[in-house]
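Spelled out from the first residue to the last, the chains are:
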Amino acid sequence: QQQVKQSPQSLIVQKGGISIINCAYENTAFDYFPWYQQFPGKGPALLIAIRPDVSEKKEGRFTISFNKSAKQFSLHIMDSQPGDSATYFCAATIRGGGNKLTFGTGTQLKVEL
Amino acid sequence: DAMVIQNPRYQVTQFGKPVTLSCSQTLNHNVMYWYQQKSSQAPKLLFHYYDKDFNNEADTPDNFQSRRPNTSFCFLDIRSPGLGDAAMYLCATSRDPGTDQETQYFGPGTRLLVL
């Protein structure tokens with residue numbers, strides 16, 4: 001019930017293309033869904049986050065799409081750049097539930113020239 | 001800039017020799033977390049402090065302990081490191097979970113090597 005399933009495990013995209021990473025959850029009590037970007041040897045950094053009362057949130061080249069009925073959310077990276085090559089983790093948490101993050105398994109993105 | 005700082009960035013210890021990792025924050029956040037992250041895996045929560053209240057995860061081994069002497073500092077003590085404890089250890093902070101500020105801010109991590 002607490003799992004967040006993430007796919008794909010790895011992704012190769014050409015420079016300028018669109019990268020899409022998908023996540024699905026079971027626990028309907030989750031009410032905050034952040035995405036973290038992690039470069040090798042660094043800590044995860046918050047990229048973008050969404051609450052279930054909106055279906056889409058865009059920040060620059062990064063967009064989260066959220067489908068509450070399907071219990072799915074996805075990250076879209078437009079105009080992918082080599083500097084976007086990193087591991088991306090989706091996560092979910094329950095407000096007031098100790099703020100404990102349930103992470104997806106991660107997606108290793110490589111953007112090729 | 002306000003931030004989460006971890007020291008040291010790299011730590012080498014011997015099998016069974018106690019080690020302490022340090023985290024400090026200038027964000028004045030109520031909550032501090034310790035995660036263990038192994039290669040190609042998601043971070044795994046070990047425990048967290050909500051102010052002075054310690055919250056241990058059920059599957060965190062007794063070998064791992066933590067101290068939070070004040071708001072700014074939190075320590076992770078590994079009493080008898082085993083080879084399986086080699087990992088990246090991440091500290092994170094957040095504001096009061098009861099507010100709208102649920103975002104966790106991570107430090108750069110400490111890479112622990114056990115020989």
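Since we're looking at a predicted model, the values are computed, not measured. Along each chain, the written sequence defines residue order, and numbers are assigned to residues from 1. Here the convention is simple: chains get letters from A, ligands get numbers from 1, in the order in which they are written. With pLDDT at 70 or above as the cut-off, local features in this predicted model cover only qualifying residues; side-chain atom pairs require 80 or more to be listed or tallied, and sums for whole chains, interfaces and linings still use all residues. Side-chain measures were taken over the full set of non-hydrogen atoms in the model, leaving aside hydrogen atoms and water.

Draft legend 1. How the structure looks around the layout of surface pockets. A cavity here means a set of 1 Å grid points, computed over protein atoms only, where a 1.4 Å probe fits but cannot escape. A pocket is an open set with protein on both sides within 12 Å along at least 5 of 7 lines, and lining residues have an atom within 4 Å of a point. Grid points are joined across faces, edges and corners, and a volume is the space filled by probe spheres set on the points. For the largest pocket, the calculated volume is near 500 Å³. Taken together, 22 residues line the largest pocket, and the ones lying closest to its centre are A:Gln38, A:Thr87, B:Ser39, B:Ser40 and B:Gln41. Secondary structure elements follow DSSP: runs of H or I of four or more residues count as helices, runs of E of two or more count as strands, with numbering from the N terminus. Mapped by element, the contributors of at least two residues to the lining of the largest pocket are β9 (86-92) and β11 (107-112) of chain A.

Draft legend 2. Structural context of the interface of chain A and chain B. Between two residues, a contact is recorded if the distance between any of their heavy atoms is within 4.5 Å. On the chain B side, the residues contacting the 18 residues of chain A number 22 residues. When two components associate, each loses some accessible surface as probed by a 1.4 Å sphere; the sum of these losses over both components is called the buried area. Together, the buried faces of chain A and chain B total about 1700 Å²; carbon and sulfur atoms form 52% of this surface. Any carboxyl oxygen of Asp or Glu within 4 Å of a side-chain nitrogen of Lys or Arg constitutes a salt bridge here. At the boundary of chain A with chain B, the tally comes to one salt bridge. Here A:Lys100 and B:Glu57 are joined by a salt bridge, their closest N and O atoms 3.1 Å apart. Between N or O atoms, a polar contact is any pair within 3.5 Å; within protein, one atom must be a potential hydrogen donor and the other a potential acceptor, and residues adjacent in sequence are included only when both atoms are from side chains. Where chain A packs against chain B, one counts six residue pairs in polar contact (both at pLDDT 80 or more). When the residues that make up the side of chain A that touches chain B are grouped by side-chain class, the tally is seven nonpolar, seven polar and four charged. Throughout, the ten residues Ala, Val, Leu, Ile, Met, Phe, Trp, Tyr, Cys and Pro are labelled nonpolar, Asp, Glu, Lys and Arg are labelled charged, and all others, Gly among them, are labelled polar.

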